[in-house]
Each structure stands twice: as C-alpha cells, then as structure tokens.
Amino acid sequence: MDITGIAKSHQTGIQKTGKAASKKEWKLSDSLREQIAECAREDAAQNVYMGNKFLALRKSEVAKVAPDRAALMGKVDMKEMREADERWLRLLFGEPYEAEFQSEGTSSAVHVYDGNGDEILTYTAGVGWHEKESKAETQVHGALKAAYYDAFRAARQEINASVAGMEVRGGFDARA
C-alpha cells in the first residue's frame, strides 16, 4: 500500500473458464427476438408496456453477461480489507477482476472492476454494497429494450388498425 492509502490490484494470471468466458458471446438470436415479439404482442393486447413476462426474460438474459457479484461480495471482510496489502487484493478477487481499496481518515471503500475496467461494485463502510451496471449489461438491456419497443409498436399499430377498420365497417367513422 502506498502513502495515500490506495492499493490497486492487478490480474493474477488465472485462466478464464466457463461462465466468465462465455459472457462475452451474448447475441440477440432470432429465437430470442421472437420470444420478445411474443411478449410484446401479449402486452400490447393488454395495453401494458414491458409486462412481467418480458421483464423476467430480460433479467434472465442480462444475468448471462453479469459478473457474479454475490461471490465477489462474499470475499470481502472490511476488517481484513483495512489490513490488506496490494498482493492480497490481487489474490482475493482473481482474474478478471481488479480491486482498489481507499482509506481516508475514518472512512474506507472498496471498488471492484471487471476485466473491461468497468466498476461493478463499491463497498463503503456504514453504507454497504452498491452494484453498478457493466457496459456488457447495459448493451444487453439496450438490445432487448429496442427489440421489444419495435415489436410492441408494431403490435399496437395492428390493434389500432383493426379497431379503426371495425369502426368504419360498423357505419361509424371515428375520424369524421
């Protein structure tokens, strides 16, 4: 730890395997796009935007790229962190994570970064953990929301067109 009380870890050289390596490969597949469209059609028919079924689907997909924050949080004991040195921080989180410990006076904090350098967790004494969305999670949210919006808008246009058609056929023109 240097004189400022800030230590920053570096990657430990542990190979990425399994879930961590596959997170980078998320894509909006045709079958997923169809599931989103189905949710949007159901929601449009019920006049609900982003209903529970879509929200559950979105949560499930984002989880595929999300870091295992619970495991990271479980590794931290603030008493030990106050006594930590740079080498210990490197070993604590492992690859692909980096951590920074800040200590200023009586307050201290731990900042945890993913392999892309995005801050994904912060722990501050007296407050606890605060999760921050990574760029990968933000991209998945954005792709899913955009696909849903397009499908919902198309479904609402179909519903509105069929309602307008029924009004004209029934002898009542709402546009007049």
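Up top you'll find the structure we're talking about.
Novice: Could you clarify how one ought to interpret unusual backbone geometry in this entry?
Specialist: Only a minority of non-glycine residues have a phi that is not negative, and only a minority of peptide bonds are not trans. Unlike most non-glycine residues, Asn-47 shows phi in positive territory, near 55 degrees. Its location among the elements puts Asn-47 in the loop between helix H2 (30-45) and helix H3 (52-63). Phi at Met-50 takes a positive value of approximately 55 degrees, unusual for a residue other than glycine. Relative to the assigned elements, Met-50 resides in the loop between H2 and H3. On the accessibility criterion, Met-50 (17% relative accessible area) is buried.

Novice: Just to check I follow, could you spell out the side chain of Asp-118 for this structure?
Specialist: Relative to the assigned elements, Asp-118 resides in the loop between strand S3 (107-113) and strand S4 (119-124). One polar contact links the side chain of Asp-118 to the main-chain amide nitrogen of Lys-135, over a distance of 3.1 Å. Contacts of Asp-118, omitting those with residues within four sequence positions, involve Val-112, Tyr-113, Ser-134 and Lys-135.

Rules and cut-offs
Every chain is numbered independently, its residues counted from 1 as its sequence is written. Thresholds applied to this predicted model are a pLDDT of at least 70 for local features of residues and 80 or more for the giving and counting of side-chain atom pairs; totals over whole chains, interfaces and linings are not thresholded and use all residues. Note that the side-chain values use all heavy atoms of the structure and ignore hydrogens as well as water. Helical segments are the DSSP runs of H or I of at least four residues, strand segments are the runs of E of at least two, and each set is numbered from the N terminus. Buried, partly exposed and exposed residues are distinguished by accessible area as a fraction of the type maximum, computed with a 1.4 Å probe on protein chains only: under 20%, between the cut-offs, and over 50%, respectively. Residues adjacent in sequence count toward polar contacts only when both atoms are side-chain atoms; beyond that, a polar contact is any pair of N or O atoms within 3.5 Å, and within protein one must be able to donate a hydrogen and the other to accept it. Residue contacts are defined here by distance: any two heavy atoms, one from each residue, within 4.5 Å place the two residues in contact.

From the geometry alone we can't say anything about function, so treat these as descriptive.
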